[in-house]
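Observations on the three-dimensional arrangement
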Amino acid sequence: MFSKIAKIIAITFSVVLLSSVGLMIYGGYTFYKSVFRLSFEQTNSSLEKIEPQCVKFSECKLQPGDIIVRRYITMVTDLFSKTLNPYFTHSAIYLGDDELFEALGNYLEPEDQIQITKLSESDWMKGDMKNFAIIRPKNLGDKFPKIDLNLREIANNPDYIFGLLDETKKTASCSDVILKELIDKKVVVNLSNQPWVITPDYLFWITLNDKSNFEIVGYSVNSK
């Protein structure tokens, strides 16, 4: 029963995203009208000249403010992966002290859809994460405490649920709320063709190409 309900919810969410699908190409990257996605080949080639500090997620030493993205296919992300065909399927931000801010999805009870989770107890640490990237902001400075506070307020507010970012409806996904915080605090200052739907692929691409403000400190990417 649970799997059927989760699948119905995932289908509904995907239909909303796909309702305005129209293919556009920009600089070799693909937009499904307003949804940015990367292929494995694009992701891999964008990282090949970067020497990572770690290639096993469990061995990476995260710092507060680190943004983490991954490709991890589960029952919930399978349909998203097959329909929109992104490379990365999830993102989170590390708050320090073993804590992550994550929007986990609308298959959970409303009050549990956006959480502060324990990294050591999360599925990020199940086995060796084969497809991930760790993005480290270089110039957070005194901006991070405010980001941390805002994200905790969202996670601790039971009215906030998973969905496309809309503060009037108290909905957010992980990638869009992280990007909004980075924009509001002027950590991200130059955006290119910002799509309506902020995916983990777009969050990765924007920060990867802003080398003055971000660096990739760890990654491992594979075709599956």
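Here the structure is shown first, and the text comes after it.
So, here's what we can say about the structure. Since the structure is predicted, the reported quantities are computational estimates derived from the model, not experimental observations.

The next point concerns the overall build of the chain. Helix and strand counts for the chain come out as 6 helices and 11 strands. Counting every position in the chain, which comprises 224 residues, the buried fraction comes to 50%. A separation threshold of at least 6 residues defines the contact pool for the chain, and within that pool the share at least 24 residues apart is 67%. Split by element, the accessible area of the chain, about 11200 Å² in all, is 52% carbon and sulfur.

Glancing now at the state of the cysteines. Here the structure, examined in full by the defined rule, presents 1 disulfide. Here C54 is linked by a disulfide to C60, with a sulfur-sulfur distance of 1.9 Å. Between C54 and C60 the disulfide shows an S-S torsion of about 105 degrees. By sign, it is right-handed. Each member of the pair C54 and C60 is classed as buried.

For the rest of this paragraph, the subject is the sheet that holds strand 7 (residues 114-118). What the 6 strands build is an open sheet, ordered 7-6-5-4-8-11; its pairing is antiparallel. Either end of the sheet is taken by a strand with one partner, and the two such strands are strand 7 and strand 11 (214-220). Along the sheet, successive strands turn relative to each other by an average axial angle of 25 degrees, direction set aside. With 4 bridges joining them, strand 4 (residues 67-70) and strand 8 (residues 132-137) adopt antiparallel strand pairing. The partner of I67 across the bridge, within strand 8, is I135. Seen against the sheet, helix 5 (residues 174-184) touches strand 4, strand 5 (90-96), strand 6 (99-103) and strand 11 and runs at an angle of roughly 50 degrees to strand 5.

Once that is clear, we can look at the side chain of S175. Position of S175 relative to the elements: it lies in helix 5. Under the relative-accessibility criterion, S175 is labelled buried at 3%. Ignoring sequence-local partners within four residues, the contact set of S175 consists of S91, I198, T199, P200 and L203.

A few words now on the pattern of salt bridges. Under the defined criterion, the tally for this structure stands at 7 salt bridges. A salt bridge links D66 to R136; the shortest N-O distance between them is 2.8 Å. Within this pair, whereas D66 is found in the loop between helix 2 (40-47) and strand 4, its partner R136 is found in strand 8, the two being separated by 70 residues in sequence. The partner of E181 in a salt bridge is K185, and the shortest N-O contact between them spans 2.9 Å. Note on K185: relative accessible area 18%, which makes it buried.

What follows deals with unusual backbone geometry. In this structure, D98 is a non-glycine residue whose phi angle is positive, near 70 degrees. Relative to the helices and strands, D98 is located in the loop between strand 5 and strand 6. For D98, a relative accessible area of 23% corresponds to the partly exposed category. The phi dihedral of K186 falls on the positive side, at around 60 degrees, and the residue is not glycine. Tracing the backbone shows K186 in the loop between helix 5 and helix 6 (200-208). On the accessibility criterion, K186 (61% relative accessible area) is exposed.

Its place among the elements puts W205 in helix 6. A relative accessible area of 9% means that W205 is categorised as buried.

Moving on, we get to the nonpolar core. Counting residues in each nonpolar core, the largest one holds 55 residues, and the members touching the most others are F57, F101, I134 and F204. Looking at this core, the elements that each hand over two or more residues are strand 4, strand 5, strand 6, strand 8, helix 4 (144-155), helix 5, helix 6 and strand 11. The biggest single contributor to this core is helix 6, with 6 residues. Residues within four places of I134 in sequence aside, it is in contact with C54, F57, C60, L62, D66, I67, I68, E215, I216, V217 and G218.

Calculation notes
Residues numbered from 1 in each chain as written. Predicted model: local features only at pLDDT ≥ 70, side-chain atom pairs only at ≥ 80, totals over all residues. Heavy atoms only, no water. Helix = DSSP H or I, 4+ residues; strand = E, 2+ residues; numbered from the N terminus. Buried < 20%, exposed > 50% of the residue type's maximum accessible area, 1.4 Å probe, protein only. Contact = heavy atoms within 4.5 Å. Areas by Shrake-Rupley, 256 points an atom, 1.4 Å probe, with all protein chains shown as cover. Disulfide = S-S within 2.5 Å. Pairing = 2+ DSSP bridges. Axes fitted to C-alpha atoms, helices over the stretch in contact; angles between N-to-C directions. Salt bridge = Lys/Arg side-chain N within 4 Å of Asp/Glu carboxyl O. Core = buried A, V, L, I, M, F, W, Y, C linked by side-chain atoms within 4.5 Å.

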